[in-house]
Amino acid sequence: MKFRPLGDRVLVRRVEEATKTAGGIIIPDTATEKPQEGEVLAVGNGAIGDDNERVPLDVMP
């Protein structure tokens, strides 16, 4: 399915963190933090500025 965000919106997929450490210890869901990184899947065309010109986004999928 093709998904194209509108305006200056960005679609991001969270990167799954490991539930097991290198030493083999399993980390429970309650002890994990929210992921701080992700993969950009799609970007919009950009916002419309004060001069009615389209301002492109700096992010690329």
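Our structure's up above, just so we're on the same page.
Values in this document were obtained by computation on a predicted structure and should not be read as measured data. (Residues numbered from 1 in each chain as written. Predicted model: local features only at pLDDT ≥ 70, side-chain atom pairs only at ≥ 80, totals over all residues. Heavy atoms only, no water.)

1. Quick look at a negative patch on the surface
Keep this limit in mind: Patch membership is restricted to residues that have no salt bridge and whose relative accessible area is over 30%. Joining uses 9 Å for like charges and 5 Å for the nonpolar side chains Val, Leu, Ile, Met, Phe, Trp and Tyr. Computed with the Shrake-Rupley method and a 1.4 Å probe, the accessible areas treat only the protein chains shown as cover for residues. By salt bridge we mean one thing: a side-chain nitrogen of Lys or Arg within 4 Å of a carboxyl oxygen of Asp or Glu. Charge counting follows a simple rule: Lys and Arg are positive, Asp and Glu are negative, and His as well as the terminal groups are ignored. The atom standing in for a charge is NZ when the residue is Lys, CZ when it is Arg, CG when it is Asp and CD when it is Glu. Secondary structure is summarised from DSSP: a helix means a run of H or I of at least four residues, a strand means a run of E of at least two, and numbering begins at the N terminus for each.
A grouping of E16, E17, E33 and E37 is seen on the molecular surface, where their side chains present a negatively charged patch. You can see E37 is positioned in the loop between β1 (10-14) and β2 (38-43).

2. Some points on the pattern of salt bridges
Working definition: two side chains of opposite charge can pair if their charged atoms are close together. Going by this rule: Categorising residues by exposure relies on relative accessible area from a 1.4 Å probe, with only protein chains included: less than 20% of the type maximum marks a residue as buried, more than 50% marks it as exposed, and the intermediate range marks it as partly exposed.
Taken as a whole and assessed by the stated rule, the structure comprises one salt bridge. E39 serves as the salt-bridge partner of R13, at 3.8 Å between the closest nitrogen and oxygen. One end of the pair, R13, is in strand β1; the other, E39, is in strand β2, and 26 residues separate them in sequence. Under the relative-accessibility criterion, R13 is labelled partly exposed at 47%.

3. Section: the environment of T32
Relative to the helices and strands, T32 resides in the loop between β1 and β2. As for T32 and P5, which are separated by 27 residues in sequence, their C-alpha atoms are 30 Å apart.

4. Notes on the environment of P5
This is how the line gets drawn: Whether two residues are in contact is decided by their heavy atoms: any pair within 4.5 Å suffices.
Tracing the sequence through the fold places P5 in the segment before β1. If near-sequence neighbours (up to four positions away) are discounted, P5 is found in contact with L11, A42, V43, G44 and N45.

5. Focus on a nonpolar patch on the surface
A cluster of nonpolar side chains, V10, V12 and V59, forms an exposed patch at the surface whose accessible area comes to about 210 Å². Residue position: V10 is located in strand β1.

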